[in-house]
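Listed here are the chains, written in short residue letters.
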Number of protein chains: 2
Amino acid sequence: MQRLALIIFSFMILNSNTAGQTSNHFILLNWEVGYSVEDDQSEKTWIAASVPGAIQLDIARAENYGPYIYAENWKDYTWMEDQSFTYRTSFKRPDIYGDDRLLFISKGIDYEFEISFNGTKLLYQEGMFTPVSLDLTNFLQDNNELLIKIFPIPKMHEEPADRTQAAQSVKPAVSYLWDWHPRLVPVGIWDDTYLEIAPQTQVTDSWVNYTLNEALTSAEINIEIAGTELCDHQITWSLKDAEGKILVNETVNVTADELILKSELQDPTLWWPHDHGDPYLYTSSIQVADTNRNIIQTVNQTIGFRKVRLVMNEGAWDAPTGFPKSRSVAPIQLEINGREIFSKGTNWVNPEIFPGIITRYQYEELIDRAVEANFNLLRVWGGGIVNKEAFYELCDEKGIMVWTEFPLACNNYEGTPEYLAVLRQESESIIKRIRKHPSNAIWSGGNELFNSWSRMTDQSLALRLLNAQCFELDPKTPYINTSPIYGIGHGHYVFRDMDTGEEVYSSMQRAKSTAYTEFGIPSPSSVEILKTIIPEDELWPPKSGGSWESHHAFNAWVGDTWLMQGMIEDYFGKSKDLDELVMNGQLIQCEGYKAIYEEARRQKPYCSMALNWCYNEPWPTAANNSIVSYPNIPKPAFYAVQNSCRPVLASAKITKLKWREGDSLALDIWLLNDSYEEVKGGKILVKLVTDTEEMELLGWEYNSPEPNTNIEGPTARIKVPKLEGDRFKIVLEVEDYPEYNSEYLLLYEPKRKRRKKTALLNQ
Amino acid sequence: MQRLALIIFSFMILNSNTAGQTSNHFILLNWEVGYSVEDDQSEKTWIAASVPGAIQLDIARAENYGPYIYAENWKDYTWMEDQSFTYRTSFKRPDIYGDDRLLFISKGIDYEFEISFNGTKLLYQEGMFTPVSLDLTNFLQDNNELLIKIFPIPKMHEEPADRTQAAQSVKPAVSYLWDWHPRLVPVGIWDDTYLEIAPQTQVTDSWVNYTLNEALTSAEINIEIAGTELCDHQITWSLKDAEGKILVNETVNVTADELILKSELQDPTLWWPHDHGDPYLYTSSIQVADTNRNIIQTVNQTIGFRKVRLVMNEGAWDAPTGFPKSRSVAPIQLEINGREIFSKGTNWVNPEIFPGIITRYQYEELIDRAVEANFNLLRVWGGGIVNKEAFYELCDEKGIMVWTEFPLACNNYEGTPEYLAVLRQESESIIKRIRKHPSNAIWSGGNELFNSWSRMTDQSLALRLLNAQCFELDPKTPYINTSPIYGIGHGHYVFRDMDTGEEVYSSMQRAKSTAYTEFGIPSPSSVEILKTIIPEDELWPPKSGGSWESHHAFNAWVGDTWLMQGMIEDYFGKSKDLDELVMNGQLIQCEGYKAIYEEARRQKPYCSMALNWCYNEPWPTAANNSIVSYPNIPKPAFYAVQNSCRPVLASAKITKLKWREGDSLALDIWLLNDSYEEVKGGKILVKLVTDTEEMELLGWEYNSPEPNTNIEGPTARIKVPKLEGDRFKIVLEVEDYPEYNSEYLLLYEPKRKRRKKTALLNQ
C-alpha cells in the first residue's frame, strides 16, 4: 500500500456500541459452460455449470462419465486438457440506485481466462489466485451476457507429460501427475463468484497491521485502508473482544482514498495454538458512512494478536566446528509469543482433485481431525493450491498454525520475465489475503526446490521475488525459500529402504535434523475403500497396470510403492487375502510413524518439528503415505500418530521391528514432554507382553519434568525369550496416568534351527 | 525507477558523429572544521579542513599529533569519537544565468550529519553512502555560508567498545576495532564535494540496462533516464566502441521526466575478466539539448556487456544422499558469458583507515598488483567501506571481477525499523551506483553473518531487505546473503591449528568446500616496515602490551596471533634476531598459501573459488595475514601466491612441512589448468633438491589437458634420505615450459637417536 495519506488518531480502550452490517447486495448467477470435444473451432455444446466447481465435473455430469475416483475413469478426462471452454451467464438489468455500481466479483478462476461483457473484452488474466472485480455498470443493457473464456491448461512443453509442464506457470503442479494424484488437471471457476451492487464509495482493501511490544503487553495497531471515493466520508473503526465487548470505537473524516488509522490495545489477550492456550480472536470492524451518517459499508475481520518467529534451534550455533568452517544451519524453531513450540503436524494436500468443490464443511472436518491428532501445525504443501479463506478462518479459530507454500513444487521455475510477472501478481494477492490470519506462521517458496530433482537455488529469481514480496508485504511472518532448507530433513518415505534394507528406526536414530518436515510410511487403504475404487475382478491379488496402479499401488514413486506387498510379506509371510495384506500393511504404517514422531521428539530441543508426509488425500488411493483416507476416514495410523503426538507420553526407543529368540533387546525409556504445564513425577513400568505372557522389564521413577523438556530414562534390557506366537508388545504403563501409556508392536521368530555341523563339513 | 513514460525507438548500428561535452560548471570550496576537545557546548576551534578527508586528520595536523601509524599514537584520537564537529565554508554569490541552479553536491559524508545554508537547515541524513544534492539557488545571498554538522560516531551501546557498537548503523564496523585494524573511527566528508552550476533541465540518474540473449550475440538495451524539467528537450543517446567508433546515435523528443529508450546491439564484443579475454568497454553518452539544439548536459558511462551467474558447482547436485535428506549446497561457481571460471583472488580491505584519503592512484596501483598476482576476483569485505567509483571504473577497465559486500560484518544487525530505513536508503544508493559496472559480479549481504559470532540468520530482516533491494534494482547480478553460505569454507587463519596442531596441508585436504572465500596465514611485516611503526627500544624482542600489540602482533585474534613467534620457532628454532624471525615467518606464510591455493584448485570442479584472507591492509601492521603490506608493498607471500595462481602450473600435493629422515614422502603430482586456451602436453620432472644434492623422483608425461581441467598425475615416493642441512625443496620442472615450474620448501631433521633398548627394559 502506498501511503498517499496518513490520518493519525490515537485512542485507548473505550466502551461504546455499534452494529456491524453491510448494505451491499449480492446476486448469484446461473452459469452454462460451452465445450467441444473436437476442437476449439467447432460449435460448442452448452451445459449447466456448477459455480464454483470445475468444468471437468460439469462435462462428466452432462456426458454421464463414470465417477472419476473409480477404476481408471480418470483417463476419460484427458482430452479436456488442450481445449478451451467458455462460461456464459445472462441476466436482466438489476435495479441500481444513485451512484451505486454493479460489480462482477470472482475470488478465483482457474487458470488463464478472458472476460467479456456484452461484447466488450474487459479482462485478460493468467493466474487463479488473484480475485477479479470488474465494474460492469457502464456496459449494462437490459439483457446482459457475461462470457468467460477459459484457455487450455498451461503446458511448458508437450513432453514429458508430467509436472514439469507446470514449470512456467503458477498453476499447482500436483494435478499434472504425482505419486498419489492422477493426471487430471482442473480448470474453471473455483471460488465464490457473483454480482455485487455496491456504492461507489468502497473500502476495497484493508489490513489491521499490528505490532506487539517486546513484553507482549501492548499492540500498536495500524489500520491500513484503501478504497474508492472515500473522501468526505466517515470511517469508524471498532474492535470487539471475543465476547462481543467493544473495546475501541472511533470515527474519522476521510480526506483520501488511502489512509492509515492508528490505535493501540493494552494487554491484548494473545492468540495461541490450541495446545498452548486459547486461539483468542478479536473482531475488527471498518464502517463507512456517508454525509448523512448512513452506513454504506462494513468490513469485518477477525484478528489474533500473536508474535511469530523462527529462532535458532537450540545447540545449532555450536556447529560447525573446526576449519574450514561453513555457516550454521537455518533456524526452524517456531516461537509463538516468546514460547518455543515443538511443532507436531503433517503435510496437507488438496482435499479434492477439484479445488472448486472443496467446502468450508470439508475443511472444518479435516481441521477438527488435525486437532484430534494433537497436531498444531499444517504444512500446506506447494504442489497443491493455496487454500481458500475458509481454511484460514478455521485454523484461526481452532488454533492450528499454518505453513503456507506458494505454488511451486519439484520443478525448476525459471525466472523468465513472463513467469515472474504472473508470480508477482499471484503472490501479492496471496500474501495480502493470508497475512490477515494469525494462524499463518510460515511462508515458504515451495516444495523441495533446493534438491537435485528441482534444481532451483538461492539464485533463482522466482524465490528472490517471493522473499522480496513477503518481506515488503508481511515482514513479521517468517519466510523460508523451500523445504528442506539447510538442517531440515525430508524422508524416508518407506518403512524399510529398498536398497540398504535399513528400517526407519535406525535411519531416524542416525539422523540429526533441526526438523523433519516430511517423512512417510505407506499403507494400503482399508478394504472398504479399495472396493469402492477397484473393480471386483481386479481386487485380488493386486497387480500393476490397472486400477491398482492408477490408484498408486504400483510404480508410483520408486520400487513397488506404495503398496509394497513384497516388504509386507517379507515381515509377515504371504497374505492369504486382501484383508490380511491390508491389516499387515497398516500395522507397519502405525509402527513406522510412531517410531519417527517419537524419535523426532527425543531429538528436541535441537529438533523442533515433525510433520509426516502426508495427512490426507485428494481422492481414494489404493495405497499411500496418508493417515486419513479420502475424504476424511482415519487409517489406523491416524490413531498411532495421535498417540505419539500427545503432549506427554512414555516412549520407548525401538531399534528394529523383528526380533529373534535370544536377541539382546535394549529399550531406552523416555518421558516425552512438550507441555509447558506442570507434569507430575511418576513411575513407568516397562513390560514385554504376548497373548499369553507378561514380563516386567523395568520400573522407572521419574521426577516432574521441566516445561517443554523430555526426560531420558534408563534402558530396559532383555534377551528375547522363547515366546508363543509371531509377535509381542512392549507396553509402557504409567502409574496413575494411563493417558501417558504407550505400546509398540514387535515381530517375533523363534531361534532358527542350526544347520548340522556335519552338513557343513561335508561341503 | 517508476516508468512514468515509455518512449520506444528501435534502431540498429549507424555511423554518425557527435562530441561529448558538458556545460556544467563546478566550484571547489575551501573548508574549515570546528572542534572542541572539551564538549559540544564549548567554543570551537576552527582549522583548515581537507575535503575529501577526515576530521581526525585535520585535527591531527592542526594539533601536531604524531603519525597515527607509529607506535601507539592511534590512542590520541579516541576523544574524537564522542564529539560533534562542524564543517563550514563561505563563498560569494557566483554568476548564474537564466534558469540555472546552484547545487551543493557531496558524494559522501561520514556518517550522521545536518546541512544548513545561510541559516536554513536543508538536510539531515544518516548514512555515508547516499550522495547529497541540494539546490541552494533559492537561499543564495551575496555572501553565503554552508555548515555541515557531523554528529558523534554511532554507537549502539557504550560497552563493550568494539565492533558490536556498529550493529545498528550502516557505518563500516572495521574501524571500531578488528584484529588487524586499530580502534580509530573516521568521520567527515569522505568523497568528492563541490558546488555545481547546472541547468534546471538535468538528467539526474541514468542506467544503460541491457539484456544479452542466450547466445550472447545480441544485447537488448534499455536506457533508463530520470531527470528534472526534461520535457520539450531532446535527448540523444549514442554508443561508441572502444576505438571511439559511433555505433548508435539517435535523438528523441522528451515528454516526461522519466523515460526508457530502447535500443539493440548486434554482436557486442563481450567484457571478460583479464585472464579470460579483454575487459572490453563501450561508452554510452546521453546528451540533453534545448530547443535551440544547444547541448546542455552530457552524461557518459562506460558499459561492458557480460552475463554473470552463480551456477551449481559441478557434482554438488549429487549430495546429499540417503534419508532423511536436507538440501543441496548453495551455488558459488561463477559463470561469465557462459564460461565457468575458477575464481582466484583475495579479500580486499580498506586501503586506508580514513577512506577520505584513498585516491584513484592508490586504487589503481593495488588493482594492477592484483592483476599481477593472477587474481581475477576481489571480495570487497563487508567490514569496510563500499569503494568509491574509481575502484569500480578501474576494475571494469582492468578486467577484475568484484564481489561487493554491504557494510555488515560479524554483528547481529537487528532489523529495527530505524536501522532498516537507513539500510534501505544506503543500499539503494549503493546498488544504483554499482550496478552500472560490469566488474561487479556478486552482491553479498555482509561478512560471516550466519555464524555463531554474528547470529544473523535467513530470517534476519536486514538480509531479507538487501536480497529484496538487489532483486528489485539489479536482478541480473547474483546476490548471496553472506560468506560463508552453505558449502563455502572460511579459514583456517593460521598455518597450524593451536589446539590440534593440524597443519593447513591436512585441513585443506580433508575439506570439501564449494569455495574457500577466506583462508589466511599470517606473517610478520618486513623489518623495514616494522622499523617505521615500532620504536627502536621495543623492536627486539617482540613483546605484548605495546606497539607490537597495537599493530596486531599479539592478542589480535586468538592465541599469539598474528606474530606466532612460538610456532615459528617451533619449526625453525629460536630466532637469533628480528631478521631471522621475520624471514622464517614469511617463509611459513609462503608455503601455507601455496598449499591452500593449490589444494583448492585440485578440488576443482567441485571447488570454484579461492580467496585468501587478506590482500592488503589499512595501515602498516606488525604481523598480519595480508600479502601486501601498507600501502602497497608485496610480502614474499605475494609472489608465492602469484605462482600458485598461474593459469597453468605443475603442482605437488605436500602433506606436511617438516620431514624426518626415513619418513615416507608421497607426492601426488598434478597439472593444474584453469585456462581455456590450448595447453600442450609435456613432461614434468620431480626432484628432491638440497643445497648440495639433487635426486630425481619421477618423470611424468602428461597429455594436453581439456580446457579448464586439471590432470591428476602419478605419486612420487621416496623414503626421506639422510640430507645435509635443515631443509630441502621439491622441485617440479616442466620440460620446455619453465613457466609452469613449481617448487616447495620443506624442513628436514635427521633421524633421532633411538633410546637404548636397555633403558626401556629397565623401566
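Chains are numbered independently. Their residues run from 1 in the order of the written sequence. Numbering of ligands from 1 and lettering of chains from A proceed in the order in which they are written. Reporting in this predicted model follows two pLDDT cut-offs: at least 70 for local features of residues, and 80 or more for side-chain atom pairs to be given and counted; totals over whole chains, interfaces and linings ignore these cut-offs and use all residues. With hydrogens and water excluded, all non-hydrogen atoms of the structure serve as input to the side-chain values.

### Quick word on the interface of chain B and chain A
Keep this limit in mind: Here, residues are in contact when the closest pair of their heavy atoms is within 4.5 Å. Once two parts are joined, some of their accessible surface, as seen by a 1.4 Å probe, is lost; buried area is that loss totalled over both. Definition used for salt bridges: Asp or Glu carboxyl oxygen within 4 Å of a side-chain nitrogen of Lys or Arg. Counting of polar contacts relies on pairs of N or O atoms within 3.5 Å, with two restrictions inside protein: one atom must be capable of donating a hydrogen and the other of accepting it, and residues adjacent in sequence are counted only when both atoms are side-chain atoms. Strands are runs of DSSP state E lasting at least two residues, helices are runs of H or I lasting at least four, and both sets are numbered from the N terminus onward. Under the scheme applied here, ten amino acids are nonpolar (Ala, Val, Leu, Ile, Met, Phe, Trp, Tyr, Cys and Pro), four are charged (Asp, Glu, Lys and Arg), and all others, including Gly, are polar.
Contacts between the two partners involve 49 residues from chain B, matched on the other side by 50 residues from chain A. Among the residues chain B hides against chain A, the three largest losses belong to Trp317, Phe323 and Arg464 of chain B. Together they make up 20% of the total. Our count for the contact surface shared by chain B and chain A stands at four salt bridges. Ionic pairing is found between glutamate 472 of chain A and arginine 424 of chain B, a salt bridge with its closest N-O pair at 2.9 Å. Taken together, the links from chain B to chain A amount to 20 residue pairs in polar contact (both at pLDDT 80 or more). Looking at the side of chain B that touches chain A, the elements with two or more residues in it are helix 5 (461–473), strand 27 (479–480), strand 28 (488–490) and helix 6 (504–510) of chain B. If you tally residues by element for the side of chain B that touches chain A, the top one is helix 5 of chain B, at eight residues. Residues belonging to the side of chain B that touches chain A are distributed by class as follows: 27 nonpolar, 14 polar and eight charged.

### Concerning the packing of helix 9 (residues 565–572) of chain A against helix 10 (residues 578–602) of chain A
All names here are of chain A. Applied cut-off: Here an axis means a line fitted to C-alpha atoms, over the contact stretch when the element is a helix, while the angle between two N-to-C directions is reported on a 0 to 180 degree scale. Convention used here: angles under 35 degrees read as roughly parallel, angles over 145 as roughly antiparallel, angles from 65 to 115 as roughly perpendicular, and any remaining angle as oblique.
Direction vectors running N to C along helix 9 and helix 10 enclose 90°, while the axes themselves pass 10 Å from each other. For the element pair helix 9 / helix 10, the angle class is roughly perpendicular. Counted together, Gln565, Met567, Ile568, Glu569, Tyr571 and Phe572 of helix 9 and Leu581, Asn584, Gly585, Leu587 and Ile588 of helix 10 form the full contact between these two elements. Here the residues of the contact of helix 9 with helix 10 sort into seven nonpolar, three polar and one charged.

### Some points on unusual backbone geometry
Going from tryptophan 540 of chain A to proline 541 of chain A, the amide bond is cis rather than trans, its omega being -5°. Assignment of secondary structure puts proline 541 of chain A in the loop between helix 7 (527–533) and helix 8 (547–550). Residues other than glycine seldom take positive phi values, yet aspartate 232 of chain B does so here, at roughly 70°. One non-glycine residue, aspartate 736 of chain B, lies in positive phi territory at about 70°. Summarising the element assignment, aspartate 736 of chain B is placed in the loop between strand 41 (727–734) and strand 42 (742–749).

### Focus on the pattern of salt bridges
Residue and element names in this part refer to chain A. The condition is simple: We call a residue buried when its accessible area falls under 20% of the maximum for its residue type, exposed when it is over 50%, and partly exposed in between, using a 1.4 Å probe and counting protein chains only.
Inspection of the entire model under this criterion finds 78 salt bridges over all chains. Between lysine 432 and glutamate 428 there is a salt bridge; the shortest N-O distance is 3.1 Å. Here lysine 432 pairs with glutamate 428, and both are found in helix 4 (residues 417–434), just four residues apart, close to one helical turn. Measuring nitrogen to oxygen at the nearest pair gives 2.9 Å for the salt bridge that ties glutamate 694 to lysine 687. Its relative accessible area of 52% is what places glutamate 694 among the exposed residues. Given the relative accessible area of 10%, lysine 687 is considered buried. Through salt bridges with shared partners, a single ionic network connects Glu81, Asp82, Lys155 and Arg183.

### What about the relation of the copies chain B and chain A?
The pair of chain copies shares a relation made of a rotation about an axis and a shift along it. Note the threshold: Here the copies are superposed with least squares, the fitted atoms being C-alpha atoms of residues at a pLDDT of at least 70 in both.
For the pair chain B and chain A, the superposition axis carries a translation of 0.0 Å, the fit reaches an RMSD of 0.1 Å, and the rotation angle comes to 180°. Classification of the inter-copy transformation places it as that of a two-fold axis. Residues of chain B ranked by C-alpha distance from the rotation axis are headed by alanine 468 of chain B, positioned 2.2 Å from it. Comparing interface residues between copies, 100% of those in chain B also sit at the interface in chain A, which points to an isologous, same-surface contact.

### A closer look at a nonpolar patch on the surface
Residues and elements named next belong to chain A. To keep it simple, the criterion reads: Residues forming no salt bridge and having over 30% relative accessible area are the ones grouped into patches, like charges within 9 Å of each other and nonpolar side chains (Val, Leu, Ile, Met, Phe, Trp, Tyr) within 5 Å. Accessible areas in this description were obtained via Shrake-Rupley with a 1.4 Å probe; residue shielding takes into account the shown protein chains only.
Where nonpolar side chains cluster on the molecular surface, the patch consists of Met498, Trp557 and Val558 and spans about 230 Å² of accessible area. Mapped onto the elements, tryptophan 557 comes out in the loop between helix 8 and helix 9. Its relative accessible area of 32% is what places tryptophan 557 among the partly exposed residues.

### Side note on the nonpolar core
For the record, the criterion: Here the nonpolar core consists of buried residues drawn from Ala, Val, Leu, Ile, Met, Phe, Trp, Tyr and Cys, with membership extended through side-chain atoms lying within 4.5 Å.
Counting 371 residues, the largest nonpolar core has Phe104 and Ile730 of chain A together with Phe104 and Ile730 of chain B as the members making the most contacts within it. Setting aside anything within four residues of it in sequence, one finds phenylalanine 104 of chain A in contact with Leu29, Trp31, Ile115, Val132, Ser133, Leu134, Leu136, Leu146, Ile148, Thr193, Tyr194 and Leu195 of chain A. Val248, Trp271, Val308 and Ala515 of chain A belong to the second-largest nonpolar core, a separate cluster that totals 50 residues.

### A short note on the pairing of strand 10 (residues 143–150) of chain B
Residues and elements named next belong to chain B. Where we set the bar: Paired strands, in this sense, are two strands between which DSSP finds at least two bridges.
Where burial is concerned, the two faces of strand 10 differ: the one with Asn144, Leu146, Ile148 and Ile150 is buried and the one with Asn143, Glu145, Leu147 and Lys149 is not. Relative to strand 10, strand 4 (residues 85–92) is paired through eight bridges, and the arrangement is antiparallel. Directly across from lysine 92, in strand 10, lies its bridge partner asparagine 143. Looking at chain direction, strand 7 (residues 112–117) and strand 10 are connected through five bridges and run antiparallel. Bridging across to strand 10, phenylalanine 113 finds its partner in isoleucine 150.

### A few points about the packing of aromatic side chains
Residue and element names in this part refer to chain A. Keep this limit in mind: Between rings of Phe, Tyr and Trp, where Trp is taken as its six-membered ring, a pair exists when centres lie within 6.5 Å; planes separated by under 30 degrees are stacked, by over 60 edge-to-face, and by other angles tilted.
Scanning all chains against the criterion turns up 77 aromatic pairs over all chains. When the ring of tyrosine 493 is compared with that of tryptophan 557, the centres are 5.3 Å apart and the planes differ by 65°; the resulting orientation is edge-to-face. Taken together, the residues tyrosine 493 in the loop between strand 28 (488–490) and helix 6 (504–510) and tryptophan 557 in the loop between helix 8 and helix 9 connect sequence positions 64 residues apart. Members of the aromatic cluster, each reached through a chain of ring pairs, are Trp348, Tyr363, Phe375, Phe391, Tyr392, Phe519, Tyr593, Tyr597 and Tyr615.

### Things to note about the sheet that holds strand 41 of chain B
Residue and element names in this part refer to chain B. With mixed pairing, the five strands of this open sheet are ordered in space as 36-42-41-38-39. Looking at the sheet topology across the chains shown, the edges are occupied by strand 36 (658–660) and strand 39 (694–702). Sheet twist, expressed as the average angle between the axes of neighbouring strands with direction ignored, equals 25°. Where strand 36 and strand 42 come together, three bridges link them in parallel fashion.

### A few points about helix 5 of chain B
All names here are of chain B. Going by this rule: Here the expected span of a helix is defined as 1.5 Å times the quantity of residues minus one.
An ideal rise of 1.5 Å per residue puts 18 Å on 13 residues; helix 5 measures up with 18 Å between its terminal C-alpha atoms. In terms of burial, helix 5 is largely enclosed, as 11 of its 13 residues are buried. Residues Ala462, Leu463, Arg464, Leu465, Leu466, Asn467, Ala468, Gln469, Cys470, Phe471 and Leu473 constitute the buried set of helix 5.

### Focus: the environment of asparagine 144 of chain A
Residue and element names in this part refer to chain A. Along the chain, the position of asparagine 144 falls in strand 10 (residues 143–150). Remark: the alpha-carbon pair of asparagine 144 and leucine 261, spanning 117 residues in sequence, is separated by 40 Å. Other than its neighbours up to four places away in sequence, asparagine 144 contacts Thr89, Ser90, Phe91, Lys92, Arg93, Phe117, Asn118 and Phe139.

### With respect to helix 3 (residues 389–398) of chain B
An α-helix turns once per 3.6 residues; consequently, residues spaced three or four apart project the same way. Residues and elements named next belong to chain B. Counting buried positions along helix 3 yields seven of 10 residues, so the element is predominantly enclosed. Every buried residue belonging to helix 3 is among Ala390, Phe391, Tyr392, Leu394, Cys395, Asp396 and Lys398, and all of these are buried. Positioned one or two residues after helix 3, glycine 399 has a phi angle of 75°, which is positive.

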